[in-house]
Amino acid sequence: MLKVKPPEGYPPEPGRYVRGNDFSPVAVCVILDDFDFKIPPELQSLVLAGMDAGAALSGMLQTENVGTEKMLCNIVANPNIRYLVLCGRESSGHLPGETLLALKRNGVDDKKQVIGSTAPTPYLHNIPVEVIERFNKQIVTIVSLLCRPGETDTKSPGLDPKVVEKAVWSCFQENPVVFRGYTVHDMGAYPEPALFHKIASVLQEHKPQHAIEPGKSKMGMGLAMNKFLPQTNCRECGRKTCLAFAIDLAKGKARLEECPPLGEPEAAADRQALAKLLG
Ligand code: SF4
């Protein structure tokens, strides 16, 4: 059976995930529906269950755009990954689970909008179409255990670590097995070389440099704060631009938690700087 060594630098995107067996045919995606910066323990145990059962990558997905883009980059960089187990409970604000399933089913239109997603901003602007198309070909099935928003019953399949373990186990069997209606088995690596794409550096390059330091005016403070925002203008905070969000922060009309990309591990330094400016 064909298995390949992932390229140097894999996985290309940092995030809230753990790396397991590089030769495993399955990754686990747990929807993170909490927009505080902490991760609920019942979701953490799903990530660990995926890892213990032998997933290649097991981690959290919070947003329907940048978070999804990063996950796609990490998956196409390892052709051994052929299944994705989707679990946790849907996030009613961002609908990343629905977006992922729609992406697999329908792909994107010419504006890179995920066709059929009803999420607020299901755009994948930061990755080439090549990555999106490869994801849809390389991943043969998304095994969905996703619970409805707000589900608290940890016996529900998508919140039960034992069910997640069984899903992962099923995907790496040599012969086909049926798991909750999905027929799965380890079919070997996707027969084309890994695609290596990194978006973090692209986002960084777009950061503007302002000379204005925090002063007495709210605008000055907003501009100073804007330096530490991701500059993707993804609108997940409900504002049209990062600058508008920064000005609202300065005016006391917004909270850092409203910007999900700031909750990503690689944004920790920017988050700290903003917290300091806010006093
Ligand atoms: S401030 Fe708003 S627009 Fe900018 S990255 Fe954060 S959520 Fe997106």
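No experiment lies behind these values; they were computed from the predicted model shown.

Undergrad: It is not clear to me how the overall build of the protein chain should be interpreted in this structure. Could you clarify?
TA: Broken down by element type, the protein chain carries nine helices and seven strands. Radius of gyration (C-alpha) of the protein chain: 19 Å, near the 19 Å computed for a compact globule of 279 residues. Over its C-alpha atoms, taken along the principal directions, the protein chain stretches across nearly 70 × 40 × 30 Å. When contacts within the protein chain are restricted to residue pairs at least 6 apart in sequence, those whose partners lie at least 24 apart make up 71%.

Undergrad: Is there a simple way to think about the nonpolar core in this case?
TA: For soluble globular proteins, the rule of thumb is that nonpolar side chains tend to be buried together. Judged by nonpolar contacts, the single largest core of 56 residues is most densely connected at Val26, Ala27, Val28, Val85 and Val164. Breaking this core down by element, the ones donating at least two residues are strand E2 (26-31), helix H1 (41-53), strand E3 (57-61), helix H2 (66-76), strand E4 (83-88), helix H3 (96-106), helix H4 (129-138) and helix H5 (161-171). Considering every element that reaches this core, the biggest residue donor is E2, with six residues. Apart from residues no more than four positions distant in its own chain, Val85 is found in contact with Val26, Val28, Cys29, Gly50, Val143, Leu145, Val164, Ala167 and Val168. With 16 residues, the next largest nonpolar core counts Met225, Ala246, Ile247 and Leu262 among its residues.

Undergrad: Would you mind going over the domain arrangement of the protein chain with me for this structure?
TA: The accessible area lost on association of the parts is a frequent measure of interface size. Here the protein chain is partitioned into domain 1 (17-184) and domain 2 (206-278). The straight-line distance from the C-alpha centre of domain 1 to that of domain 2 is 29 Å. Domain 1 puts 10 residues into the contact, and the matching count from domain 2 is eight residues. Taken together, the residues of the side of domain 1 that touches domain 2 break down into four nonpolar, five polar and one charged.

Undergrad: Got a minute to help me understand the site of the ligand in this structure?
TA: By nearness alone, 13 residues border the ligand, and Cys234, Cys237, Cys242, Phe245 and Cys259 come closest of all. Its residues placed into classes, the shell around the ligand shows eight nonpolar, two polar and three charged.

Undergrad: For this particular structure, what's the right way to read the packing of helix H7 (residues 218-226) against helix H8 (residues 242-250)?
TA: Helix-helix packing: each pair is described by the crossing angle between the helix axes and the interaxial distance. At their nearest, the axes of H7 and H8 sit 8 Å apart, and the two run at 125° to each other. One way to sum up the angle between H7 and H8 is to call them oblique. The handedness of the crossing between H7 and H8 comes out as right-handed. Each of Lys218, Met219, Met221, Gly222, Met225 and Asn226 in H7 lies in contact with H8, whose residues at this interface are Cys242, Leu243, Ala246, Ile247, Leu249 and Ala250. Counted by class, the contact of H7 with H8 contains nine nonpolar, two polar and one charged residues.

Undergrad: Whenever I open this one, the environment of Pro161 confuses me. Can you help?
TA: Residue placement: Pro161 occurs in helix H5. Overall, Pro161 belongs to the partly exposed group, with 19 C-beta atoms counted inside 10 Å. Between the C-alpha atoms of Pro161 and Cys87, which are 74 residues apart in sequence, the distance is 9.6 Å. Dropping the residues within four chain positions of it, Pro161 is found in contact with Ser45, Leu46 and Ala49.

Undergrad: What exactly am I supposed to notice about the sheet that holds E4 here?
TA: In sheet architecture, strand pairing relies on hydrogen bonds along the backbone and comes in two forms, parallel and antiparallel. Sheet architecture is open: five strands sit in the order E1-E3-E2-E4-E5, paired in mixed fashion. Because the sheet does not close on itself, it has two edges, and the strands there are strand E1 (17-19) and strand E5 (141-144). Within this sheet the neighbouring strands show an average axis-to-axis angle of 20°, counted without direction. Here E4 pairs with E5 via four bridges, running parallel. Note on E5: the bridge partner recorded for Leu84 is Ile142. Contacting E2, E3, E4 and E5, H3 runs over the sheet at an angle of about 150° to E5. Here H5 sits on the sheet in contact with E2, E4 and E5, set at roughly 175° to E4.

Undergrad: Honestly, the confidence of the model for the protein chain in this entry has me stumped. Any pointers?
TA: Any residue range with low pLDDT should be treated as having predicted coordinates unsuitable for detailed reading. Chain-level statistics for the protein chain give a pLDDT mean of 89 and a share of 92% at 70 or above. The model gives residues 205-215 a pLDDT under 50, and that stretch makes 15 contacts with residues more than four places away or in other chains.

Reading the values: rules and limits
Residues numbered from 1 in each chain as written. Predicted model: local features only at pLDDT ≥ 70, side-chain atom pairs only at ≥ 80, totals over all residues. Helix = DSSP H or I, 4+ residues; strand = E, 2+ residues; numbered from the N terminus. Rg over C-alpha atoms; globule rule 2.2 N^0.38 Å. Contact = placed C-beta atoms within 7 Å. Core = buried A, V, L, I, M, F, W, Y, C linked by C-beta atoms within 7 Å. Buried ≥ 20, exposed ≤ 12 C-beta atoms within 10 Å, placed from the backbone. Domains from an automatic or database assignment. Nonpolar A, V, L, I, M, F, W, Y, C, P; charged D, E, K, R; others polar. Near = placed C-beta within 6 Å. Axes fitted to C-alpha atoms, helices over the stretch in contact; angles between N-to-C directions. Parallel < 35°, antiparallel > 145°, perpendicular 65-115°, else oblique. Left-handed = near helix turned anticlockwise from the far one by under 90°. Pairing = 2+ DSSP bridges. pLDDT = per-residue confidence, 0-100.

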